[in-house]
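Single-letter residue listing:
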There are 2 protein chains.
Amino acid sequence: MKYFLGVDIGGTKTAAGLLDADGHMLAEKEIPTLVHDGAERIVRNTAQLISSLAEQEGIKKSQLSYLGVGCPGTVNQKTGVVEYANNLYFEHVPLADMLNHEVGLPVLLENDANCAGLGEYWALPDREEVESFFMVTLGTGVGTAFIWKGQLFTGFNGAAPEMGHCTLNAEGELCDCKNRGCWEVYCAGHALVRAGREAAKSCSDSLLWELSGKDLEKLDGNLIFQAWRQGDEMAGKVVERYLYYYRAGIGNVINAFQPQVLTIGGGISRQGRLFIDTANAAIAEYSYCKTVAQTQVRQAVLGTKAGIYGAALLGAKR
Amino acid sequence: MKYFLGVDIGGTKTAAGLLDADGHMLAEKEIPTLVHDGAERIVRNTAQLISSLAEQEGIKKSQLSYLGVGCPGTVNQKTGVVEYANNLYFEHVPLADMLNHEVGLPVLLENDANCAGLGEYWALPDREEVESFFMVTLGTGVGTAFIWKGQLFTGFNGAAPEMGHCTLNAEGELCDCKNRGCWEVYCAGHALVRAGREAAKSCSDSLLWELSGKDLEKLDGNLIFQAWRQGDEMAGKVVERYLYYYRAGIGNVINAFQPQVLTIGGGISRQGRLFIDTANAAIAEYSYCKTVAQTQVRQAVLGTKAGIYGAALLGAKR
């Protein structure tokens, strides 16, 4: 029997998963990513994680065709090189070759947002009928992935789609990428939290301030949305601004790609139906063509495991 | 011998072209589009134009496999219906069926910007090596087309890519589509001309005013660029704003699609190397991933005939 093995190397942890031939996860294991110890150490630890998972499940190397790897940053899928990943401190790291050397399996490498998209695509119950699929991951940043006719679309150089760095406000705030008004400036998780903390600090009788236990470090996305739902005015300003740019960003995704299905995932998005309903409102507002069928919006179903699924299935026949 | 026949139905004229089996244009003919006379009259006139072209060239119906038609607005490629085309006053017009009835050939229908993209794609001398191709047409509006692995990408509903209505400035000017700060608000030909006329009117000792022969109706895009090149301050403001948003729009195209080749066409873009050099500058400025290969920018080569070529080749094997 054949199995699929995938690893999701993140800025804080590295998680490996073993899938059966039908794509169901049998087991999972994770370790911290020691980002300050360098690529060689990360590779060795990842190899150990994989060996230990395979051993625990009684899987032999001959039962695996490849190892799938998801990793943040810019990835050259053809050469297996991580060109740049700021939160791993990687610059031109030949990750596929290094892992192949340790693990003895062919390695398929892909950007982590693309892996998450691929994972959610595989999880669609009606995948066979979905000709185009877009995923937006609202996490630390804003990740995007697109699949057309079963093929992951990454641009000719592996760097697309990067809708998180499309301009929404050419005269807006400065982004880490040095341009102004990128979607990520407004809708990255850290942007939401920073705006929430600033709002809480500026108004010590706000619910925001109270919910944080008067310790701004404890104020996260969930607490900000909670304060907003309870009618806090300061939280309202923060959340409304977030949702305003979320809508505009979704509008750009729609006008660029018009995907049949749009899935919204990532930690920030887990607020009941809020992000689904808001995306539907954005489509009604922004889609240039109102007289044709419109994109279906869905909630991601794999949570933080989407990236492991997608990595494991990188080489699966679609 | 087989031939290709294509028609480009525009808001002012309708042009038909006959191509040989190698895709070279043998003959072309055009008539005015009588947009106020309704779809039936337009269809009859188009059918007559085609018959007259075929007759003139001695082509029989049996030498044609289909008629390719390009048309502005939202087109349903599957049903052959023009859902909405404001400058033809079309709403839910079954154009393919109507033309098929008159002409007796299968009709393939596509949006005109997509046809222009397809025409320029066919004209690439290195087409076989180009895995992804994007075209921006700077004409009356901002048209966009994308081809991946030889396939025209139109979104699941036929309405993509519509980058002209992606938001560049969420708090910007109101667009005809009712959203704010679309690329088209800043970079449509009529936006440029309007801004030029306003600038000329506001300053009667400007070169802009002089070049227009003191008749603002005569001020077009070419004269605005001419005044800018001659150092006119008012024209400078208009052109610099235009190019600022042109850069931002190109940035969004790049981050969304990362095409191998980006072709710039349309009447506004014929200013020497200005639009090519500016697009290259935009890529250097906006492309999120600087460490990978970057898009090649090229000038369109087919001029106003790109749409006829693309329509004629809609059913050609790519």
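Worth saying up front: this structure is predicted, and the values here are computed from it rather than measured.

(A) Representation of the overall build of chain A in the model. Looking only at helices and strands, one finds ten helices and 13 strands in chain A. In chain A, buried positions account for 61% of the 318 residues. Here the analysis covers contacts within chain A between residues at least 6 apart in sequence; of these, 61% occur between residues at least 24 apart. With an accessible surface of roughly 13,100 Å², chain A has 49% of that area assigned to carbon and sulfur atoms. Separation between the mean location of the 28 positive side-chain charges and that of the 36 negative ones in chain A comes to 1 Å.

(B) Broad picture of the environment of serine 202 of chain A. Residues and elements named next belong to chain A. By the element assignment, serine 202 lies in helix H5 (residues 189–202). Overall, the relative accessible area of 54% leaves serine 202 in the exposed class. The sequence separation of serine 202 and arginine 298 amounts to 96 residues, and the corresponding C-alpha distance is 36 Å. Within the local environment of serine 202, its side chain forms a polar contact with the backbone oxygen of alanine 199, the two atoms lying 2.8 Å apart.

(C) Fine view of the packing of aromatic side chains. Overall, the coordinates contain 34 aromatic pairs over all chains when judged by the stated rule. Plain terms: the ring middles of phenylalanine 146 of chain A and phenylalanine 153 of chain A are 6.2 Å apart, the flat faces sit at 75° to each other, and that makes the pair edge-to-face. Note on phenylalanine 153 of chain A: relative accessible area 1%, which makes it buried. Ring centres 6.1 Å apart and planes at 25° place the aromatic pair tryptophan 148 of chain A and tryptophan 148 of chain B in the stacked group. Remark: tryptophan 148 of chain B occurs in strand S10 (residues 142–148) and tryptophan 148 of chain A occurs in strand S10 (residues 142–148); the pair is interchain, linking two chains.

(D) Fine view of the sheet that holds strand S9 (residues 132–138) of chain B. Residue and element names in this part refer to chain B. Read across the open sheet, the five strands follow the order S11-S10-S9-S12-S13; overall the sheet is mixed. The outermost strands of the open sheet, each flanked by one partner alone, are strand S11 (151–153) and strand S13 (296–299). In this sheet, adjacent strand axes meet at a mean angle of 25° when their direction is disregarded. Across five bridges, the pairing between S9 and strand S12 (residues 261–265) is parallel. Note on S12: the bridge partner recorded for threonine 137 is glycine 265. Of the strands in this sheet, S9, S12 and S13 touch helix H9 (residues 274–286), which is tilted by about 165° from S13.

(E) Molecular detail of unusual backbone geometry. All names here are of chain A. In this structure, proline 161 follows alanine 160 across a cis peptide bond, with omega equal to -15°. In this fold, proline 161 is placed in the loop between strand S11 (151–153) and helix H4 (183–187). We note that tyrosine 89 has phi near 60°; this positive angle belongs to a residue other than glycine. Looking at the element boundaries, tyrosine 89 is found in the loop between strand S6 (81–85) and strand S7 (90–93). A relative accessible area of 57% means that tyrosine 89 is categorised as exposed. Despite not being glycine, histidine 92 shows a phi value in the positive range, around 50°. As for its position among the elements, histidine 92 is in strand S7.

(F) Seen up close, the sheet that holds strand S1 (residues 3–9) of chain A. All names here are of chain A. If you trace the five strands from one edge of the open sheet to the other, you get S3-S2-S1-S4-S8, paired in mixed fashion. Strands at the two margins of the open sheet, each flanked by one partner only, are strand S3 (25–32) and strand S8 (107–111). Strand-to-strand, the axes of this sheet are offset by a mean angle of 20°, without reference to chain direction. Pairing of strand S2 (residues 13–19) with S3, which is carried by seven bridges, proceeds in the antiparallel orientation. Looking at S3, one finds that threonine 14 is bridged to isoleucine 31. On the sheet, helix H3 (residues 112–122) packs against S1, strand S4 (64–71) and S8 and is oriented at approximately 100° with respect to S8.

(G) Local environment of the nonpolar core. Counting 112 residues, the largest nonpolar core has Ile250 of chain A together with Ile250 of chain B as the members making the most contacts within it. Those residues in contact with isoleucine 250 of chain B, other than ones at most four positions away along the chain, are Val136, Trp183, Leu262, Ile264, Ala279, Ala282 and Ile283 of chain B.

(H) Fine view of the relation of the copies chain B and chain A. When chain B is fitted to chain A, the best match, at an RMSD of 0.1 Å, comes from turning it 180° and sliding it 0.0 Å along the axis. Overall, the copies show the geometry of a two-fold rotation axis. Judged by C-alpha distance, asparagine 169 of chain B is the residue of chain B that lies nearest the rotation axis, at 2.0 Å. Mapped onto chain A, 100% of the interface residues of chain B are again interface residues, and the two copies thus contact each other with one and the same surface.

(I) Examining the pairing of S13 of chain B more closely. All names here are of chain B. Here S12 runs beside S13; their pairing, made up of four bridges, is parallel. The residue of S13 that forms the bridge with leucine 262 is valine 297. In this fold, S12 hands off to H9, which returns the chain to S13; that crossover is right-handed.

(J) Representation of the interface of chain B and chain A in the model. Between chain B and chain A, the residue contacts involve 46 residues of the former and 46 residues of the latter. Across the chain B/chain A interface, buried area totals approximately 4,300 Å², and carbon plus sulfur atoms make up 58% of it. When the area that chain B buries against chain A is broken down by residue, the three leading residues are Trp148, Phe156 and Tyr288 of chain B, summing to 17%. Across the contact surface, chain B and chain A share zero salt bridges.

(K) Quick look at the confidence of the model for chain A. Put simply, chain A has an average pLDDT of 95, and 100% of its residues get 70 or more. Model confidence for the complex: the whole-complex pTM is 0.94, and ipTM, which rates the interface, is 0.93.

(L) The arrangement of the side chain of glutamine 271 of chain B in detail. Residues and elements named next belong to chain B. In this structure, glutamine 271 sits in the loop between S12 and H9. There is a polar contact of 2.8 Å between the side chain of glutamine 271 and the side chain of asparagine 222. Apart from the residues lying within four places of it in its own chain, the contact partners of glutamine 271 are Asn222, Phe225 and Arg229.

(M) Here's a closer look at the packing of helix H5 (residues 189–202) of chain B against helix H7 (residues 221–229) of chain B. All names here are of chain B. Between H5 and H7, the least distance of the axes is 9 Å, while the angle of their chain directions is 55°. Our classification of the angle between H5 and H7 gives oblique. Here the hand of the crossing between H5 and H7 comes out left-handed. In this structure, H5 contributes Leu192, Val193 and Gly196 to the contact, and H7 contributes Gly221, Ile224 and Phe225. Taken together, the residues of the contact of H5 with H7 break down into four nonpolar, two polar and no charged.

(N) Representation of the environment of glutamine 258 of chain A. Residue and element names in this part refer to chain A. For glutamine 258, the location among the structural elements is in the loop between helix H8 (233–257) and strand S12 (261–265). Since its relative accessible area comes to 0%, glutamine 258 is described here as buried. Counting along the chain gives 256 residues from glutamine 258 to lysine 2, while the straight-line C-alpha distance between them is 36 Å. In this structure the side chain of glutamine 258 is engaged in a polar contact, spanning 3.2 Å, whose partner is the side chain of serine 287.

Calculation criteria
- Residues numbered from 1 in each chain as written.
- Chains lettered and ligands numbered in written order.
- Predicted model: local features only at pLDDT ≥ 70, side-chain atom pairs only at ≥ 80, totals over all residues.
- Heavy atoms only, no water.
- Helix = DSSP H or I, 4+ residues; strand = E, 2+ residues; numbered from the N terminus.
- Buried < 20%, exposed > 50% of the residue type's maximum accessible area, 1.4 Å probe, protein only.
- Contact = heavy atoms within 4.5 Å.
- Areas by Shrake-Rupley, 256 points an atom, 1.4 Å probe, with all protein chains shown as cover.
- Lys, Arg positive; Asp, Glu negative; His and termini not counted.
- Charge placed at Lys NZ, Arg CZ, Asp CG, Glu CD.
- Polar contact = N/O pair within 3.5 Å; in protein donor to acceptor, adjacent residues only side chain to side chain.
- Phe/Tyr/Trp six-rings, centres within 6.5 Å; stacked < 30°, edge-to-face > 60°.
- Pairing = 2+ DSSP bridges.
- Axes fitted to C-alpha atoms, helices over the stretch in contact; angles between N-to-C directions.
- Core = buried A, V, L, I, M, F, W, Y, C linked by side-chain atoms within 4.5 Å.
- Least-squares fit on C-alpha atoms with pLDDT ≥ 70 in both.
- Right-handed = clockwise from strand over helix to strand, strands pointing away.
- Buried area = accessible area lost by both parts, 1.4 Å probe.
- Salt bridge = Lys/Arg side-chain N within 4 Å of Asp/Glu carboxyl O.
- pLDDT = per-residue confidence, 0-100.
- Parallel < 35°, antiparallel > 145°, perpendicular 65-115°, else oblique.
- Left-handed = near helix turned anticlockwise from the far one by under 90°.
- Nonpolar A, V, L, I, M, F, W, Y, C, P; charged D, E, K, R; others polar.

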